[in-house]
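# Reading the structure
The residues making up each chain are set out below.
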Amino acid sequence: MPLALTPPMGWNSWNMFGATVNADVIIQVADAFVSAGLKDAGYQYIVIDDHWQGGRGEDGKLFPGAQKFPDGMKAVADAVHARGLKFGIYSDAGTKTCGGRPASQDYEEIDARTFAEWGVDYLKYDWCHAEDTRANAEYRYRRMGEALKATGREIVYSICEWGHHNPWLWGMQVGGNLWRTTGDIGDAWKDVAVPWGWLYGIESIGFEQQRGLEQYAGPGHWNDPDMLVVGLKGSSREIAGAGCTDIEYRTHFSLWCMLAAPLMIGCDVAHMDIATHEILLNREVIALNQDRLGRQGFRACRSGLVEIWKKPLAEKAVGVALFNRGDKKCTVRAHWSDLGLNGRYRIRDLWLHKDIDFSDCEVSAEVPAHGCVVLKLQPMD
Ligand code: GLA
């Protein structure tokens, strides 16, 4: 069966827990997926990021840290599967992971087999401590892609080389289902300075750094603008950033849905507040992201700090987002000619959950500072 026919949805430990991830955290998250309705809304993969590794044994196999994962990794995978969810793990194509842990360079085959034995359904594969050339990237990512395939297990393959060597051009050929397009996200609207450079803000990753990549996304192969920071609110144990307002997080989520981006939650889902819950579980906006046509949305036009985005959907419907990157609220008007549309459409507001209008020429709405209005246009004839 082809994998990731719609963008993968799930959770990853990095953005909230970083190096403190352990088995208890994973079980709590899996329980919250069920009790908070995330599973019913389509979130599926629970992925352990870096710092799970204890070492590599004399048999050549990776083993998890005994204190963090006292019953081993298969027990954690089994617990995730028992809740009807899927389990993911992390490794790196170089000699060490970004956190300095043992990685998979030249151990691709044995590591892929170990992951398959544990019941892994998703591998995020990073790029630290690897020779940073395109030839090596293609070689290393292909080698792990083939090793995963050889296990016979269905494993979603998430390439994480930060867009250094245009993975959208070769990621699918080496077996990838998604590939990071940028460096790491921070918990902020604007870029955040860190000792080793920058963590990118929502604004630069979402609005600037995905431009022109829409032609490379489709069912089974997605551009990945990094994981969600919705709901972190400055509480991350790992990533910098003072947090965003709920309006900004809503814009972040809407933008990632318009981009047909993987929706990997990063906050502590066992302790979400109401606003976070409302954002991450907006099924109408999720449906835009998961639309079976699998088209990545793009900016149709812009005027100053106002952007109008379009995402073609199945059955000739259209997702339209009105974004206001400015610091003052404003009225945004989108003409069908801005969107390359003709004809009469019924217009539904996906955050108000209301049919608001129908029109044969335009739609307008008031949009708060750093906010957005997300619409679904349904053809009437
Ligand atoms: C890199 C990746 C992050 C995370 C860390 C873990 O920075 O881009 O998403 O996996 O490594 O060390």
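Scroll up to find the structure this text is about.
Before going into details, it helps to say that this report is about the structure given with it. (Residues numbered from 1 in each chain as written. Predicted model: local features only at pLDDT ≥ 70, side-chain atom pairs only at ≥ 80, totals over all residues. Heavy atoms only, no water.)

Bringing the layout of surface pockets into the picture now. Computed from the structure, the largest pocket encloses a volume of approximately 560 Å³. Of all elements in the fold, only α1 (14-17), β6 (122-126) and β10 (197-199) reach the threshold of two or more residues within the lining of the largest pocket. Counting residues per element, the lining of the largest pocket draws most heavily on β10, at three residues. Residue composition of the lining of the largest pocket, by class: 15 nonpolar, seven polar and eight charged. (1 Å grid on protein atoms, 1.4 Å probe; cavity = no way out; pocket = protein on both sides within 12 Å on 5 of 7 lines; lining within 4 Å. Points joined across faces, edges and corners; volume = space filled by probe spheres on them. Helix = DSSP H or I, 4+ residues; strand = E, 2+ residues; numbered from the N terminus. Nonpolar A, V, L, I, M, F, W, Y, C, P; charged D, E, K, R; others polar.)

Below, the discussion takes up unusual backbone geometry. At Lys 316, a residue that is not glycine, the phi angle is positive and equals roughly 65°. Within the secondary structure layout, Lys 316 lies in the loop between β14 (306-312) and β15 (318-324). On the accessibility criterion, Lys 316 (68% relative accessible area) is exposed. Even without being a glycine, His 370 presents a positive backbone phi close to 60°. Taking the relative accessible area as the measure of exposure, His 370 reaches 14% and is therefore buried. (Buried < 20%, exposed > 50% of the residue type's maximum accessible area, 1.4 Å probe, protein only.)

This part covers helix α5 (residues 134-150). Residue pairs spaced three or four apart in an α-helix point in one direction, given the helix's 3.6 residues per turn. With 17 residues, α5 extends 24 Å between its outermost C-alpha atoms, agreeing within 8% with the 24 Å of an ideal straight helix rising 1.5 Å per residue. Looking only at α5, the buried set comprises Asn 136, Ala 137, Arg 140, Tyr 141, Met 144, Gly 145, Ala 147 and Leu 148. Projected down its long axis, α5 shows its buried positions confined to an angular sector of 165°, all on one face. Exposed side chains of α5 directed beyond 90 degrees from the buried face belong to Ala 135, Glu 146, Lys 149 and Ala 150. Looking at the buried side of α5, the elements it contacts are α4 (108-118), β6 and β7 (156-159). Two residues or fewer past α5, Gly 152 is found with a positive phi of approximately 80°. (Expected span 1.5 Å × (residues − 1). Arc of directions from axis to C-beta. Contact = heavy atoms within 4.5 Å.)

On to the environment of Gly 42. Structurally, Gly 42 is set in the loop between α2 (23-35) and β2 (45-47). Put simply, Gly 42 and Pro 8 are 34 residues apart on the chain and 9.2 Å apart in space, counted from C-alpha to C-alpha.

Pairing is antiparallel across the open sheet formed by six strands, whose spatial order is β13-β14-β15-β20-β17-β18. Strands with a single pairing partner mark the edges of an open sheet, and in this sheet they are β13 (298-303) and β18 (354-359). Each strand of the sheet is rotated relative to its neighbour by a mean of 25°, with strand direction disregarded. Bridge count between β15 and strand β20 (residues 372-379): six bridges; the pairing is antiparallel. Among the inter-strand pairings, Ala 321 is bridged to a residue of β20, identified as Val 374. Lying on the sheet, helix α7 (residues 246-258) is in contact with β14, β15 and β20; it crosses β15 at an angle near 145°. (Pairing = 2+ DSSP bridges. Axes fitted to C-alpha atoms, helices over the stretch in contact; angles between N-to-C directions.)

Here the focus is the side chain of Asn 136. Considering the arrangement of structural elements, one finds Asn 136 in helix α5. Discounting chain neighbours no more than four positions away, the residues touching Asn 136 are Trp 127, Ala 130 and Glu 131.

Among the secondary structure elements, Gly 343 is positioned in the loop between α10 (336-339) and β17 (345-349). Classification of Gly 343 as partly exposed rests on a relative accessible area of 31%. Along the primary structure Gly 343 and Met 264 are separated by 79 residues, whereas in three dimensions their C-alpha atoms are 36 Å apart. Among residues more than four places away in sequence, those in contact with Gly 343 are Trp 336, Ser 359 and Asp 360.

Let's shift gears to the environment of Asp 338. Within the secondary structure, Asp 338 sits in helix α10. For the pair Asp 338 and Lys 310, spaced 28 residues apart in the sequence, the C-alpha separation amounts to 9.7 Å. The contact partners of Asp 338, leaving out residues within four places of it in the chain, are Ala 300, Cys 301, Ile 308 and Arg 333.

The next subject is the state of the cysteines. Within the structure shown, the criterion is met by one disulfide. A sulfur-sulfur distance of 2.1 Å marks the disulfide that ties Cys 98 to Cys 128. Looking along the S-S bond of the Cys 98-Cys 128 disulfide, the torsion reads about 95°, which is the right-handed sense. Residue Cys 98 is found in the loop between β5 (86-92) and α4, and its partner Cys 128 is found in the loop between β6 and α5; the two are separated by 30 residues along the sequence. Cysteine Cys 361 shares no disulfide, and the gap to the nearest cysteine sulfur, in Cys 301, comes to 15 Å. (Disulfide = S-S within 2.5 Å.)

Moving on, we come to the site of the ligand. Surveying the vicinity of the ligand reveals 13 residues, the closest of which are Asp 49, Asp 50, Lys 124, Asp 126 and Asp 184. Residue Asp 184 places a side-chain N or O atom 2.6 Å away from an oxygen atom belonging to the ligand. Across the complex, the protein chains shield 93% of the 310 Å² of accessible surface that the ligand would expose by itself. When atoms are counted within 2 Å of each cavity's grid points, the one that captures over half of the ligand is the largest pocket. When grouped by side-chain class, the residues that make up the shell around the ligand number six nonpolar, one polar and six charged. (Near = heavy atom within 4 Å. Polar contact = N/O pair within 3.5 Å; in protein donor to acceptor, adjacent residues only side chain to side chain. Areas by Shrake-Rupley, 256 points an atom, 1.4 Å probe, with all protein chains shown as cover. Sits in = over half its atoms within 2 Å of the grid points.)

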